[in-house]
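Examination of the molecular architecture
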Amino acid sequence: MIYKKGVFWTLDRFVGIFLAVIAIVFVILAGSKIISYWTGVEQVRNSETFLKDLVGKIENLEEREERVFPLRGVEGYILAWDKEDANKPDICFFDNCLCVCPSPYIDSCQSSENCVLFDEEIKVLSKTERYISLMPGQGFLTYLNATTNCIDLPDGRLIDIYMSRNNGVFLYSEASSGSYDAESDCKIISHLGTESTTRGY
Amino acid sequence: MKKGEISSTTLVGIILVIAGAILIGVVIFAFFENSGDNRELCRLSIITRATAPTAAQSNIPLNCVTEKICLTTERGEDNCFQFSGEEINKRSVRIPDNREEAIQEILEVNANALYDCWRMTGQGKLDIFGKAFQTYKEVETKCIVCSRVALAEDVKERFPGIENDLDLNEYLRTTNVPNSDLTYLQVFTGSSGINTYVDVNHKEVEESLNQAKDRQLEGETLSASLIENNFDQIAFVFAQRKTTEGFTKGTLIGLRDSSIVVVGGGVTSGIASAAVKVIGGLPALVIGLVTVGGTSLYAGINSLSQQMASVAYCGEFESSLGEGEASREGCSVIRGVPYNAEYVNQLCEDIEGDL
């Protein structure tokens, strides 16, 4: 390869640089794809994003307004605590708070990404048909038709959530059925039907 | 200059190359980020995934953000309560004050949404969900919600009952795709160029509807309130279902989960017949098969309260195949469904992308 003295942009060099630019752009794009995989696109399905959407809808709700919004569920539960509650996530301090927790236990919900504080009272209810353990450790699950103070979210599927605001916010859904421990923080508020069957597990 | 030492010209060259690369990268990103062309980004990610090796498919994210289109008669960007609290990829379409013109505008928006979804997802012929299908269940229907079209309340106030005047199937049959000599229906049916409706076996349709209602009474599938649901938000959904166990068997596995509809009339080929059973994810919605041409078909859907359409492709997917790998078959469907849990969840077992 012969370069004339003082001439930088020879054809070979130009082609080389051009190809190098393309290669580097490709690397940058590929890198960004990987980064977006880990930081961006996957995050849309996490509880933080779900909570943001949920709170966005609540904040746009006017007094005495009621709506049903379909939202895509994540693996987790919607729970709410009143400021008077003694047992609630530390992150809630002395406020009312709404949380999307990985499991129906306070312990799983101690991160600020999981909870949003509210000035007004917020109630969460779901009508649910599920198997629960009334006697933990006894090896039996009981079929229950009840109202609970949490919403069990279906991961990757839509869930219709009824929202209303009337001197406080009320969230309600007919949650998907599932099995969980009766000692969780998702408490049974009222029995709508009798415990019809019992099965071992 | 010592051997192995970098000359100043080489150093300048390297710096220029890096600077150029960064500049081009920034320009490309700025273009995509600011152009708002999320459809193009989604399409690129779909192609990337579809052409990736099978084992890598499920690790390639789909950059698909659902487009939210608000149909309104008023000015402003936030007239649809359906999108309250949602900021990403949202736009308003102002519809005319005249009822007839408003109907045409609404139909045009819906037709384009269906068409865009069909194009964006490779006309249903790409294998988008690769290995992910086998992660949770033997056969799973996975979805992308391409767009959500909502009617603002001001539209329903100004034009009461307008949703009952929306004949999307007829619009697709008679209206040309923008910048094309072909109607939507002709484009969807491909080379067959079919532009007519096949006779519908109404008896079977009625039976199908009755079965759906029976199940509803048993509390199994649909609730009365949802069957009577009026159109205020439609999602244009791409759904894909496939299996490694063979096409026909695959179309029959797990159908109860996503529901079946059997539509008669003109379905002759075995593959098409099986496809028809698969495309009807929502029994109460489907009453008419429109055309069947080979393995590409188009179905017209008419719910109790609205007309909606779906485009389906059944057969071998076009994608890169690993060595010794058998071609993969299945069905893709692009259709409009009322955007609520009862309906969408019957079609989709898992939704990807950003809603």
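Residues numbered from 1 in each chain as written. Chains lettered and ligands numbered in written order. Predicted model: local features only at pLDDT ≥ 70, side-chain atom pairs only at ≥ 80, totals over all residues. Heavy atoms only, no water.

Let's shift gears to unusual backbone geometry. Positive phi values are uncommon outside glycine, yet F93 of chain A reaches one of about 50 degrees. In this fold, F93 of chain A is placed in the loop between β2 (76-81) and β3 (96-101). On the accessibility criterion, F93 of chain A (53% relative accessible area) is exposed. Here the phi dihedral of N179 of chain B falls at roughly 60 degrees; this positive angle occurs in a residue that is not glycine. Note that N179 of chain B resides in the loop between α7 (168-174) and α8 (184-189). Residue classification places N179 of chain B among the exposed positions, given a relative accessible area of 86%. (Helix = DSSP H or I, 4+ residues; strand = E, 2+ residues; numbered from the N terminus. Buried < 20%, exposed > 50% of the residue type's maximum accessible area, 1.4 Å probe, protein only.)

In this section: the nonpolar core. Of all hydrophobic cores here, the largest spans 48 residues; its most connected members are I46, L71, I106, V155, I162, Y184 and F238 of chain B. Looking at which element gives the most residues to this core, the answer is helix α4 (residues 99-120) of chain B, with 12 residues. With residues near it in sequence (within four places) discarded, I162 of chain B still touches R99, A102, I103, I106, L151 and V155 of chain B. Among the nonpolar cores identified, the runner-up in size contains 24 residues, and A80, I122, V169 and L171 of chain A belong to it. (Core = buried A, V, L, I, M, F, W, Y, C linked by side-chain atoms within 4.5 Å. Contact = heavy atoms within 4.5 Å.)

Next up on the list: the confidence of the model for chain A. When pLDDT is averaged along chain A, the result is 80; 76% of the residues meet or exceed 70. Considering only residues more than four positions removed or in separate chains, one finds that residues 196-201 of chain A, a stretch of pLDDT under 50, has 18 contacts. (pLDDT = per-residue confidence, 0-100.)

Below, the discussion takes up helix α2 (residues 47-59) of chain A. Between its terminal C-alpha atoms α2 of chain A stretches 18 Å, which fits the 18 Å expected from 13 residues at 1.5 Å a residue. Among all positions of α2 of chain A, only F50, L51, L54, V55, G56, K57 and I58 of chain A are buried. (Expected span 1.5 Å × (residues − 1).)

Moving on, we come to a nonpolar patch on the surface. Taken together, the side chains of W9, L11, F14, V15, F18, L19 and I22 of chain A together with V12 and L16 of chain B define a hydrophobic patch exposed on the protein surface, amounting to about 900 Å² of accessible area. Considering every element that reaches the nonpolar patch, the biggest residue donor is helix α1 (residues 11-39) of chain A, with 6 residues. Relative to the elements of secondary structure, L19 of chain A occurs in helix α1. (Patch = residues over 30% accessible without salt bridge, like charges linked within 9 Å, V, L, I, M, F, W, Y side chains within 5 Å. Areas by Shrake-Rupley, 256 points an atom, 1.4 Å probe, with all protein chains shown as cover. Salt bridge = Lys/Arg side-chain N within 4 Å of Asp/Glu carboxyl O.)

Residue and element names in this part refer to chain A. Spatially, 4 strands are ordered β4-β3-β2-β7 in an open sheet, and the strand pairing comes out antiparallel. Of all strands in the sheet, those bounded by a partner on one side alone are β4 (115-118) and β7 (150-153). On average, adjacent strands in this sheet sit at an angle of 15 degrees to one another, irrespective of strand direction. Sheet analysis places β2 next to β3, joined by 5 bridges and oriented antiparallel. Pairing of L79 across the sheet is with C99, part of β3. In the packing of α2 onto the sheet, contacts are made with β2, β3, β4 and β7, and the angle to β3 comes to roughly 140 degrees. (Pairing = 2+ DSSP bridges. Axes fitted to C-alpha atoms, helices over the stretch in contact; angles between N-to-C directions.)

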